[in-house]
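Tertiary structure, described
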Amino acid sequence: PEALILSRDLYAAFQLMKQGRKVAFEVHDLPGKRATAMLRQIPRIITTNKWKKEQLIKQFNIDPLLIRVAPNAVDVKKFSISPGAIRKLHQELNWAADRKVVLYTGSLYPWKGVQTLALAAQYLDPEVAVVFIGGGDSDRKEFMEFLRGKNLLSRVVSLPHRPHGEMPSLLASANVLVLPTSAKEQMGKMETSPLKAFEYLAAERPIVAANVPSSREVLDKSSAIFFRPDDPQDCARAIVQALRQRYDEAMFIARHGLAQRHTWENRAREVLAFISS
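Residues numbered from 1 in each chain as written. Predicted model: local features only at pLDDT ≥ 70, side-chain atom pairs only at ≥ 80, totals over all residues. Heavy atoms only, no water.

**A closer look at the overall build of the protein**
- A count of helices and strands for the protein gives 13 helices and 10 strands.
- Expected size for 277 residues packed as a compact globule is a radius of gyration near 19 Å; at 20 Å, the protein falls within 12% of this value.
- Its C-alpha atoms give the protein principal-axis dimensions of about 60 × 40 × 30 Å.
- When each of the 277 residues of the protein is scored for burial, the buried share is 50%. (Helix = DSSP H or I, 4+ residues; strand = E, 2+ residues; numbered from the N terminus. Rg over C-alpha atoms; globule rule 2.2 N^0.38 Å. Buried < 20%, exposed > 50% of the residue type's maximum accessible area, 1.4 Å probe, protein only.)

**Quick word on the sheet that holds strand S1 (residues 4–7)**
- Pairing within the open sheet is parallel, and its four strands lie in the order S1-S2-S3-S4. In the strand order of this sheet, the two ends are held by S1 and strand S4 (67–69), each with one partner. Each adjacent strand pair in this sheet contributes to an overall mean axis angle of 25 degrees, direction not counted.
- Examined bridge by bridge, strand S2 (residues 22–27) and strand S3 (residues 45–47) share three bridges and lie parallel to one another. Its bridge partner lying in S3, Glu26 is registered against Ile46.
- In the packing of helix H1 (residues 10–18) onto the sheet, the strands contacted are S1 and S2, and the crossing angle to S2 comes to about 165 degrees.
- Sheet strands touched by helix H13 (residues 264–276): S1, S2, S3 and S4. Its angle to S1, the strand with the most contacts, is close to 115 degrees. (Pairing = 2+ DSSP bridges. Axes fitted to C-alpha atoms, helices over the stretch in contact; angles between N-to-C directions. Contact = heavy atoms within 4.5 Å.)

**So, the nonpolar core**
- If you look at the biggest cluster of nonpolar residues, it comprises 62 residues, and the most contacted ones within it are Leu103, Leu117, Val131, Phe132, Val208, Leu219 and Ile239.
- With residues near it in sequence (within four places) discarded, Val131 still touches Leu89, Trp95, Val101, Val102, Leu103, Tyr104, Val157 and Leu159.
- In terms of nonpolar packing, the next biggest core, distinct from the first, is built from 16 residues, Phe14, Val23, Ile42 and Ile62 among them. (Core = buried A, V, L, I, M, F, W, Y, C linked by side-chain atoms within 4.5 Å.)

**Describing the pattern of salt bridges**
- Per the counting criterion, the structure on display carries 10 salt bridges.
- Lys77 is the partner of Asp75 in a salt bridge, and the nearest nitrogen-oxygen pair spans 3.7 Å.
- Linking Asp231 and Arg228 is a salt bridge whose minimum nitrogen-to-oxygen distance equals 3.1 Å.
- Here the residues in one salt-bridge network are Lys88, Glu92, Arg162 and Glu166, joined through shared partners. (Salt bridge = Lys/Arg side-chain N within 4 Å of Asp/Glu carboxyl O.)

**Side note on the sheet that holds strand S6 (residues 129–133)**
- Strand order in the open sheet formed by six strands is S7-S6-S5-S8-S9-S10, and the pairing between neighbours is parallel. On the outer flanks of this sheet lie strand S7 (156–159) and strand S10 (225–227), each paired with one strand and no other. Each strand of the sheet is rotated relative to its neighbour by a mean of 25 degrees, with strand direction disregarded.
- Bridging between S6 and S7 involves four bridges; their strand directions are parallel. When the bridges of S7 are listed, Phe132 appears paired with Ser158.
- Helix H11 (residues 232–244) rests against strand S5 (101–105), strand S8 (176–179), strand S9 (207–210) and S10 of the sheet, and its axis sits at about 165 degrees to S10.

**Section: the pairing of S2**
- Burial analysis of S2 places five of its six residues in the buried class, which makes it a mostly covered element.
- The sheet contact formed by S1 and S2 spans four bridges and is parallel. By the bridge assignment, Leu4 is partnered in S2 with Lys22.
- Note that the unit made of S1, H1 and S2 has a crossover that is right-handed. (Right-handed = clockwise from strand over helix to strand, strands pointing away.)

**Points about helix H12 (residues 249–261)**
- The end-to-end C-alpha separation of H12 is 18 Å, in line with the 18 Å expected for 13 residues at 1.5 Å each.
- Considered for burial, the residues of H12 that qualify are Met251, Ala254, Arg255, Leu258 and Ala259. End-on view of H12: buried residues confined to an arc of 130 degrees, all on one side of the axis. Facing away from the buried surface of H12 by more than 90 degrees, the exposed residues are Glu249, Ala250 and Arg261.
- Lining the buried residues of H12 we find helix H9 (195–203), S9 and S10. (Expected span 1.5 Å × (residues − 1). Arc of directions from axis to C-beta.)

**Remarks on the packing of aromatic side chains**
- Applying the stated rule across the entire model yields two aromatic pairs.
- Note on Tyr104 and Phe132: the rings are 5.8 Å apart at their centroids and 50 degrees apart in plane angle, and the pair reads as tilted. Of the two residues, Tyr104 is situated in strand S5 and Phe132 in strand S6; the sequence distance between them amounts to 28 residues. Assigned by exposure class, Tyr104 and Phe132 land together as buried.
- A connected cluster of aromatic rings, assembled from ring pairs, spans Tyr104, Phe132 and Phe143.
- Directly above the ring of Trp95 sits Arg99, whose terminal nitrogen or CZ lies 4.6 Å from the centroid.
- One residue, Arg216, lies across the ring of Phe226, its end atom 4.2 Å from the ring centre. (Phe/Tyr/Trp six-rings, centres within 6.5 Å; stacked < 30°, edge-to-face > 60°. Lys NZ or Arg CZ within 6 Å of the ring centre and 35° of its normal.)

What follows is the structure, encoded as structure tokens:
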């Protein structure tokens with residue numbers, strides 16, 4: 001059978017299409033206006049969220065029927081871990097097993113909202129540990145300077161980037177997982193399809209998230225507790241609520257259902273069907 005090609009490079013997709021290949025272009029960063037002619041000739045386009053689809057229609061006059069929204073996803077099988085791995089973070093930091101852990105994983109750029117979560121630590125019980133895992137050299141350095149400047153080093157734990165294979169057990173170590181995206185920059189507010197949201201769902205832990213469109217496209221009030229973006233005090237309020245509702249069965253079922261729906265396998269089937277049509 002003829003190969004179906006999905007490319008994240010517009011020029012490559014365009015050249016393959018000119019050769020008569022069946023191709024689709026997956027948009028992660030919107031191309032510039034100079035790419036309009038190429039973009040309009042691509043037969044199928046995939047976007048990771050609705051905002052990007054709307055921009056393609058508005059800015060490039062692309063036929064909506066040629067665009068399919070396929071959000072990011074997760075490999076749920078990797079998050080089926082043994083009960084013994086659930087205390088990984090506690091054991092590593094030599095904490096008591098009953099200490100509450102509020103966890104964020106990923107890059108530490110300000111648009112991720114990490115400063116809001118760090119500041120929220122001031123409004124939480126000192127026995128609640130606020131932990132960040134991730135960041136590269138530059139963003140971690142900037143974040144550590146922020147913590148130092150705000151006198152938060154005693155309230156916040158920042159650990160370096162870890163191999164992705166450790167994520168399931170690290171997420172399982174938490175009592176609450178936080179997606180604190182800032183609304184101050186379009187990148188976080190509108191453009192992203194946050195991978196960590198899907199991994200948080202697969203970890204089946206309570207989720208607290210900033211109420212921004214990019215997060216609301218994945219999560220809703222049945223699966224997460226929302227707070228006003230860039231508001232540390234309201235972030236702390238949502239975390240306290242999540243800690244109290246840890247065993248909320250309805251929310252557990254909702255998170256489980258979303259994780260099972262948003263698998264890479266399901267995404268691949270949807271994209272394949274769209275490209276084949």
